[in-house]
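The chain contents come next:
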Amino acid sequence: MSTYSNEEIAFFKTLLDNEIRPDGRFFNQVKKFSIKSDVLPSCLSSIEIKNKDTNIFLSLKAELSKEYEGITINCDSLSYKSFNSQNTQIKGSTINNLSKAKELTLLNINEIQEVLYLIDKLVLSKIEKSSLELKGNECSMFWNISINIFSLEKLYLHNLQTVIIGVKEILINSNFPIINVFRNKISNEIEFTVMENEYNKINFNVNDTFVIGCYVDNYLIDPSLEELTVIDTIILLSIDVNNKIEHIETLGSIVDLKEFDNLVEFVVNVKNNYLN
């Protein structure tokens, strides 16, 4: 993934040794981004999220089904079925059920399917099945959601934080048509009616998720491509609205989390100052 020379990599390391990030950000500062809503037609929600590296477009569509299929995320002809459904295959890829087929390390997260896997594991798989259920009288149907991503640059680990922000934004701002589900007394089939021009939002309870690089004794939020050439550990961490840790794991070298409170304080500072 890296196209930097050994001299450039040594320079990046020198900068970080002097507590200077290659792009000038503070250690607790995500890449600057802007979000524009309703950029694509025929979607329940769509956004463009832009940072200095790329423009990323996300759209959300949904279909009603009698069977629960969860959330699918698509990018570059790859379709990833979320862990919160029964099928966890990546269509169009040689990797099936990625979580069992290979161990992810910092070095091999350089393909789109690994990035989709992490988005699902950190965000989509945490969404409760009940939030997508439409209950009627002794029957129910489900919203089966498809999130589509188009990026002007290939999705790599240095874009993961931006994409995660975009996925949360598109979920919490989606307007779903109000549906009445019922069982037909004559045919005994489950049917539904759509309330015309009436919409509501689904409470997805999406946590804030952070991509943190570790370099010596420093944490770096939202590591850049330059920083990924010299750091050897990534921490993936999610916190809820009460700043309680919901998920944490590491990629790369073993990291000492004895100063766990410092890590929590670091991400809460990021959340309060750069994500709100």
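Residues numbered from 1 in each chain as written. Predicted model: local features only at pLDDT ≥ 70, side-chain atom pairs only at ≥ 80, totals over all residues. Heavy atoms only, no water.

J.: Describe the overall build of the protein chain, naming the residues involved and giving the relevant values.
T.: On a plain count of helices and strands, the protein chain comes out with six helices and 14 strands. Within the protein chain, the proportion of its 276 residues that are buried is 48%. Sequence separation of 24 or more characterises 60% of the internal contacts of the protein chain that already satisfy a separation of 6 or more. Carbon and sulfur atoms make up 46% of the accessible area of the protein chain, which amounts to about 14200 Å² in all. (Helix = DSSP H or I, 4+ residues; strand = E, 2+ residues; numbered from the N terminus. Buried < 20%, exposed > 50% of the residue type's maximum accessible area, 1.4 Å probe, protein only. Contact = heavy atoms within 4.5 Å. Areas by Shrake-Rupley, 256 points an atom, 1.4 Å probe, with all protein chains shown as cover.)

J.: I'd like a rundown of the pattern of salt bridges, residues and numbers included.
T.: Taken as a whole and assessed by the stated rule, the structure comprises eight salt bridges. With a closest N to O distance of 2.7 Å, D23 and R25 form a salt bridge. Note on D23: relative accessible area 28%, which makes it partly exposed. Given a relative accessible area of 10%, R25 falls into the buried group. Residue R25 is joined to E227 by a salt bridge in which the shortest nitrogen-to-oxygen separation is 3.9 Å. Of this pair, R25 sits in the loop between α1 (6-17) and β1 (34-37) while E227 sits in helix α5 (residues 225-228), and the two are 202 residues apart along the sequence. With relative accessibility at 0%, the residue E227 sits in the buried group. Because the salt bridges share partners, they merge into one network encompassing R21, D23, R25 and E227. (Salt bridge = Lys/Arg side-chain N within 4 Å of Asp/Glu carboxyl O.)

J.: I'd like a rundown of the side chain of D240, residues and numbers included.
T.: Structurally, D240 can be placed in the loop between β13 (233-239) and β14 (245-252). For the buried D240, no salt bridge is present, and the opposite-charge side chain at shortest range is K244, 5.6 Å distant. Polar side-chain contacts of D240 include one of 2.8 Å to the backbone nitrogen of N242. Engagement of the side chain of D240 in a polar contact is seen with the backbone nitrogen of K244, the distance being 2.8 Å. (Lys, Arg positive; Asp, Glu negative; His and termini not counted. Polar contact = N/O pair within 3.5 Å; in protein donor to acceptor, adjacent residues only side chain to side chain.)

J.: Explain unusual backbone geometry to me, and be specific about the residues and the numbers.
T.: Backbone geometry at N188 places phi at a positive 65°, although glycine is not the residue there. Locating N188 in the fold gives a position in the loop between β9 (176-183) and β10 (190-200). Even without being a glycine, N197 presents a positive backbone phi close to 60°. Mapped onto the secondary structure, N197 falls in strand β10.

J.: Outline helix α3 (residues 112-122), listing residues and values.
T.: Counting buried positions along α3 gives 10 out of 11 residues, so the element sits mostly inside the fold. Buried within α3 we find I112, Q113, E114, V115, L116, Y117, L118, I119, D120 and L122.

J.: Could you give an account of the sheet that holds β14, naming the residues involved and the relevant values?
T.: Spatially, β12-β11-β13-β14 is the arrangement adopted by the four strands of the open sheet, whose pairing is antiparallel. Edge strands, defined here as strands with exactly one partner in the open sheet, are β12 (218-221) and β14. Recorded for the sheet is a direction-independent mean angle of 25° between the axes of neighbouring strands. Direction of pairing for strand β11 (residues 208-215) relative to β12: antiparallel, over a ladder of four bridges. When the sheet's bridge partners are listed, Y215 is paired in β12 with N218. In the packing of helix α4 (residues 160-172) onto the sheet, the strands contacted are β11, β12 and β13, and the crossing angle to β11 comes to about 170°. (Pairing = 2+ DSSP bridges. Axes fitted to C-alpha atoms, helices over the stretch in contact; angles between N-to-C directions.)

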